[in-house]
Amino acid sequence: MWRSRRYRWDLRWSPYAFVAPFFLFFAAFGLFPLLYTGWAALHQVELTDPDSMTWVGLRNFTRLWDDEFFWNALRNTVTIGLLSTVPQLAIALGLAHLLNYKLRGSAFFRVAVLTPYATSVAAATLVFVLLFGRDHGMVNWALSVVGLDAVDWQNGTFASQLAVSTIVIWRWTGYNALIYLAAMQAVPGELYESAALDGASRWQQFIHVTVPSLRPTIFFTCVVSTIGATQLFGEPLLFNGGAGATGGSDHQFQTLGLYLYEQGWVNLHLGRASAIAWAMFLILLVIAGAARLLRGREASR
Amino acid sequence: MPARRTLVTTAGLIGAAALLLAGCAEDPAEQAGPSSPAGDGKARTTLTVGVFGAFGLQEAGLYDEYMAQNPGIRIEQTSIERNENYYPQLLTHLGTGSGLADIQAVEVNNIAEITATQADKLVDLAKVPGVDKAAYLPWKWAQGTASAAKGGATVGLGTDIGPQGICYRKDLFEAAGLPTDRAAVGALWAGDWNKYLEAGKAYKAKAGDGKAFVDSASGVMAAVTGSSAQRFYDDQGKVVYKTNPAVRGSFDLAASFATEGLSAKLQQFTPTWDQGFANGSFATVSCPAWMLGYIQDKAGPAGKDKWDVAQAPKPSNWGGSFLVVPKAGKHAEEAAKLAAWLTAPAQQAKLFEKRGSFPSANATYKLASVSGAKHEYFGGAPIGEIFAKAAEGVPVTVVGPKDLVIAQNLADIGMLQVDQKGRSPQEGWEAAVKAIDNALDQ
């Protein structure tokens, strides 16, 4: 009797004990910071004295509305996000398609496309900073070889954003390519066979078989890349070797992540930084909601 | 087959275990707590020192010397490369009272914020035996001391300071028909930063395009603002940079270097700036004492006998640091003793000899090792004499809690827009003011 009851308890509660560590860690390192940040966002609080908080209600949020630096950062985040995500996913898709062919040493190429992803942001960015140097950079040297003028990559608004996007593209294309490749290999071969029988060329097969089959995967990579683009931080921070979080003398490549860092860790305004963090979170929620609506409509068609 | 497999697994396990053991062996030998007996049978205390950048205390052998004199003490240093990353961490650690080193370094631009907001968490070092107020430059001592309203404790002991000279390229000066002897060069602009600008114009007229006179307009600005007593704050602690003619004056003067085409349009402490030293892209740079070693590193052996250093137009200070001792540390008393020893005149003189960090204890200026110091790389320039003269002429500068933020935005937003983006000085100034207002507003 007793034994069977213990057995039932065991059966019932043990699974919870097994999953508990994750939730405990999540509560401590995920949920608590999230809530605490939200709480701090409603206060005026300085990093020099984080214990004294003055309640200001939604003021930290409402002031973002008139904060031209915030809007500038948001604009930069969107442009850099588009400049990096769109080509990145397109190239990744193409690369995956090439890797999907039967080729000699395919494992080598698969590892090779992933190496940029395994490089640290800091190391990669520092190399790119040298490549994009104004006076002695290799990119400008290459431009001069083909007879073009040197570009001031750090100071131009579009030029700097393009340069930062290049770093992102370089790092993440291989990663996305491998995800696409995995999905491609799950596409049933019969689809290609029948397409081939119908006389479809390689390119037509790619457009009409591969891409439609990959739609959920493409959606997934879009979501992940969007989140990554919204949080873009390391590349623009290190691209501005001298100044740190300003994102260039005209804030021309200051992303939301950088602005958050500048407010919190340079200007030491914890409350304002928290508000920016929450604003970023809300922006992501809105994007996610919009994406869901879009997908829902597509599915019902 | 199974036997073979077991063998392979065992080999793997042994390998893994060996790796683990190797990992353990890397730990310092005296891992056992501070009060446990070590090899020599005496109680050992481990003191930690937290610094940013290449601070030089360790490199100059000061820790080793102290440990040799005090067998009961072991010193460990942790270093974070950039102060921008180091300082916020220090603040959070002070706030929570954990994660602190026994001694922490503080940069001069942060010291006012530290004395104003953190003095109650730090040990009053004026009371530590062996600390002699009279040995320090009065303005340096004042910077590390909290106001009377905040208790008046001296929480920071000065290490080095950054009296400035003008480093210049002899070969480029000669080519442009300017004097090359350091006394004559100093005389070119003695007493007035405007004369430095005039010298630049004369240089450009002869040297032609492609060779700049200064590295960057913001470097000039830092030097010029460093020579006025009042900069961003007034005596009452009010932010006055916007209306202070000294700040606007130095901004406009520095901006003329950009608008006159005398600047190489570089940003200091970036890779391109470093390359500028190696390629001789500019003829002069305002150099605090601590920058000499940097120039030597970046210009390399090829620059030897080309660089020299002359007196700056006016005495001016840029940079320098302090040591503070958090009360929350486990060995605050021992740490205070060490901090006092590390910043004592004798040790500052050694730091200068080994690393070129200029002493903030003016008691050292009479020592032969300081007054007679010459810099081999800079044509044997009498740097002890040049920088001591500058140091003693530096006015007692009013430092405020947000000096760093203001200085950084003036340089990296305002001046950089003028220098690198070709904006007008007025536009650059307004952009900087906007950014500073946003940064200071809580």
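Residues numbered from 1 in each chain as written. Chains lettered and ligands numbered in written order. Predicted model: local features only at pLDDT ≥ 70, side-chain atom pairs only at ≥ 80, totals over all residues. Heavy atoms only, no water.

(A) Local environment of the state of the cysteines. Residue and element names in this part refer to chain B. Enumeration over the complete set of coordinates arrives at one disulfide over all chains. A sulfur-sulfur distance of 2.1 Å marks the disulfide that ties C167 to C287. Taking the sign of the torsion about the S-S bond as the criterion, the disulfide between C167 and C287, at about 95°, is right-handed. Of this pair, C167 sits in strand β4 (residues 157–169) while C287 sits in strand β6 (residues 282–288), and the two are 120 residues apart along the sequence. (Disulfide = S-S within 2.5 Å. Helix = DSSP H or I, 4+ residues; strand = E, 2+ residues; numbered from the N terminus.)

(B) Representation of the interface of chain B and chain A within the structure. The interface is formed by 40 residues belonging to chain B together with 37 residues belonging to chain A. Counting each side, the surface lost to burial between chain B and chain A is near 3000 Å², with a carbon and sulfur contribution of 46%. In terms of surface lost to chain A, no three residues of chain B exceed B:K421, B:N438 and B:Q442, which account for 21% of the buried area on that side. Counting across the interface, chain B meets chain A through four salt bridges. A salt bridge links A:E68 to B:K434; its shortest N-O distance comes to 3.3 Å. Our enumeration of links across chain B and chain A arrives at 18 residue pairs in polar contact (both at pLDDT 80 or more). Taken together, the elements giving at least two residues each to the side of chain B that touches chain A come down to α3 (83–96), α4 (108–117), α11 (271–279), α17 (403–421) and α18 (425–440) of chain B. With nine residues, α17(B) is the single largest residue contributor to the side of chain B that touches chain A. Considering only residue class, the side of chain B that touches chain A consists of 13 nonpolar, 17 polar and ten charged. (Contact = heavy atoms within 4.5 Å. Buried area = accessible area lost by both parts, 1.4 Å probe. Salt bridge = Lys/Arg side-chain N within 4 Å of Asp/Glu carboxyl O. Polar contact = N/O pair within 3.5 Å; in protein donor to acceptor, adjacent residues only side chain to side chain. Nonpolar A, V, L, I, M, F, W, Y, C, P; charged D, E, K, R; others polar.)

(C) Focus on the packing of helix α9 (residues 217–225) of chain B against α17(B). Residue and element names in this part refer to chain B. At their nearest, the axes of α9 and α17 sit 9 Å apart, and the two run at 130° to each other. By the angle class used here, α9 and α17 are oblique. In this structure, α9 meets α17 at a crossing whose hand is right-handed. Each of A217, S218 and M221 in α9 lies in contact with α17, whose residues at this interface are L410, A411, M415 and D419. Partitioned by chemical class, the residues of the contact of α9 with α17 number five nonpolar, one polar and one charged. (Axes fitted to C-alpha atoms, helices over the stretch in contact; angles between N-to-C directions. Parallel < 35°, antiparallel > 145°, perpendicular 65-115°, else oblique. Left-handed = near helix turned anticlockwise from the far one by under 90°.)

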